[in-house]
Amino acid sequence: MNKEVIPYGKHFIDDDDIEAVVDVLKNHPLTQGQFVNSFEESIANFVGAKYAVAMSSWTAGLHMACLAAGVKEDDLVATSPITFVASSNSALYCQAQPVFTDINEETINMCPNELDKTLRENKRVKVIMPIHFAGLPCDMQSIKEIADRNGSLIIEDAAHALGAKYSCGSMVGSCKYSDMTGFSFHPVKSIAAGEGGMITTNSEEIYKKLLRLRSHGINKSNDELVLSNEAYTDGVINPWYMEMQELGYNYRITDIQCALGMSQLKKLPKFIEKRIELAERYDSAFKDSNLIRPIQMNARNQSSHHLYVVKVDFQNTKTNRAQLMHELLNKGIATQVHYIPVTSHPYYLNKGYETKNYPKAFEYYNQALSIPLYYSLTLSEQDYVIETLKNLIHK
Ligand SMILES: *Cc1c(COP(=O)(O)O)cnc(C)c1O
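Per chain, residue numbering runs from 1 following the sequence as it is written. Local features in a predicted model are, by the rule used here, given only for residues with pLDDT of at least 70; side-chain atom pairs are given and counted only at 80 or more, and totals for whole chains, interfaces and linings are based on all residues. Only hydrogens and water are set aside when side-chain values are computed; all heavy atoms of the structure are taken into account.

K.L.:
Break down the sheet that holds strand β1 (residues 51–55) for me, citing the residues and quoting the values.
P.N.:
Reading across the sheet, the seven strands line up as β1-β7-β6-β5-β4-β2-β3 and stay open at both edges, with mixed pairing between neighbours. Each of the sheet's edge strands pairs with one partner strand only, and the pair in question is β1 and β3 (97–100). Ignoring which end each strand starts from, the neighbouring axes of this sheet average 25° apart. Between any two strands, pairing holds if DSSP finds at least two bridges. Helix and strand labels come from DSSP, where a helix needs a run of H or I of at least four residues and a strand needs a run of E of at least two; each type is numbered from the N terminus. Taken together, the four bridges between strand β2 (residues 76–79) and strand β4 (residues 125–129) define a ladder with parallel strand orientation. Opposite T79, over in β4, you have M129 as the bridge partner. Each of β2, β3, β4 and β5 (153–157) touches helix α4 (residues 86–93); the most contacted strand, β3, lies at about 145° to it. Contacts were defined at the residue level, with two residues in contact if any of their heavy atoms lie within 4.5 Å. Here an axis means a line fitted to C-alpha atoms, over the contact stretch when the element is a helix, while the angle between two N-to-C directions is reported on a 0 to 180 degree scale. Sheet contacts for helix α5 (residues 112–121): β2, β3 and β4; angle to β4, the most-contacted strand, approximately 165°.

Laid out in structure tokens, this is it:
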């Protein structure tokens, strides 16, 4: 591929990041040292949650979050069809069944009214899993009311939303409206750790469960032990003793990754500031276009702006999406579609899901296009994207 191509998203690494990683390589254990703990503390402080647990990816985190919420065979997990497949896959990992609920066409987030309908039809919904699409927080107050009425837990998929704020002003991750919230540190997300994820929670019980699940189900020695006869000699804990109390995994993250994550977290405010500036420039550039309509325009101050998505009215253009994306790429601009509805993937189709049952998700999908948005995108590159896109669509 042409190396001059402007991608749709990109991470930003500077010398401080490189030094932080090199310092771990030179001077510290590579895994499970002080950096995992400090990264967890930094994120917990940043979002205002009591506890944070880091893991190898948010996909691993989603699996653990479902297990910690007690999701079992035949339980239902309600989520949005407009997300990355990892959200609903986590229910399948637990032999549970995802149920999808249609989006709001303005926010592209889970729609509380649709969720209410879904829960009235499906009483066994154990967990509700909203996705803060593109970084815009869902209407969590309404979702929490509905969850409480149904006795469901809430796991927020905040892979796009580190640094975002609810309408009440609290940070996403504070778990003000949920039991757990999870973030991803894949390079395309808000901050990069190579790979990595983090769950925040205010529940000590969930916190301890996540720590065990992350590392083979082995209990920490300061937790309550099951076999106290084996554990102690003369009232003192045996130096070799540990217990596997449940089936866990190796979902640990390394200190190398956490050092990078911590260094990146310091830059998050300026990352988001730039993303807001770019998003507002796009908004005003497309204001006079009847064919290019930005989403989520009314909440630029709340979103972390993971993606900039426009809906294109292809029915009134001479082009179609495939042709447009090819032409843009020929002109050095990469774009993407977020997302193919989960229900349209062969694996889900084979399970009997059908996207036509979620008409707003289907309609959104047919119009969606993510255009370049990232910290190091220059204003002149952005102007080039705007001009090229407008010319191709309005020709
Ligand atoms: C990226 C992403 C995930 C998975 O995160 P990883 O850290 O890549 O495993 C889950 N849900 C959504 C909405 C995502 O965008």
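K.L.:
Give me the lowdown on the sheet that holds strand β10 (residues 292–294), citing residues and values where you can.
P.N.:
Spatially, three strands are ordered β10-β11-β12 in an open sheet, and the strand pairing comes out antiparallel. Because the sheet does not close on itself, it has two edges, and the strands there are β10 and β12 (368–371). Each adjacent strand pair in this sheet contributes to an overall mean axis angle of 40°, direction not counted. With four bridges joining them, strand β11 (residues 308–312) and β12 adopt antiparallel strand pairing.

K.L.:
Could you give an account of the packing of aromatic side chains, naming the residues involved and the relevant values?
P.N.:
When the centres of two rings from Phe, Tyr and Trp lie within 6.5 Å, Trp using its six-membered ring, the rings pair. Their planes under 30 degrees apart give stacked, over 60 give edge-to-face, and anything left gives tilted. Within the structure shown, the criterion is met by 17 aromatic pairs. A ring pair is formed by Y282 and F286, whose centres lie 5.8 Å apart and whose planes are at 10°; its orientation type is stacked. On the accessibility criterion, F286 (1% relative accessible area) is buried. Taken together, the aromatic side chains of F100, Y347, Y348, Y353 and Y358 make up a single cluster linked through ring pairs. The cationic tip of K274 hangs over the ring face of Y375; the distance from NZ or CZ to the ring centre is 5.6 Å. By the criterion adopted, a ring carries a charge over it if an Arg CZ or a Lys NZ lies within 6 Å of its centre and within 35 degrees of its normal. A cation over an aromatic ring shows up here: R321 above the ring of Y365, its NZ or CZ 4.9 Å from the ring centre. For every residue, the accessible area (1.4 Å probe, protein chains only) is compared with the maximum for its type, and the residue is labelled buried under 20%, exposed over 50%, or partly exposed between those bounds.

K.L.:
Hey, could you go over the packing of helix α2 (residues 34–47) against helix α9 (residues 255–285) for me, with residue numbers and the actual values?
P.N.:
Two numbers describe a pair of packed helices, the interaxial angle and the distance between the axes. For the pair α2 and α9, interaxial distance at closest approach is 8 Å and the crossing angle is 30°. With respect to their mutual orientation, α2 and α9 come out roughly parallel. Crossing of α2 over α9 shows left-handed handedness. Residues Q34, F35, V36, S38, F39, S42, I43 and F46 of α2 form the contact with α9, whose participating residues are D255, C258, A259, G261, M262, L265 and L268. Across the contact of α2 with α9, the residue classes tally to 10 nonpolar, four polar and one charged. Comment on the angle field: the value is read as roughly parallel under 35 degrees, roughly antiparallel over 145, roughly perpendicular from 65 to 115, and oblique elsewhere. Each crossing gets its hand from how the near helix is turned against the far one by less than a right angle, where anticlockwise is left-handed and clockwise is right-handed. Under this grouping Gly is polar, as are all residues other than the nonpolar Ala, Val, Leu, Ile, Met, Phe, Trp, Tyr, Cys and Pro and the charged Asp, Glu, Lys and Arg.

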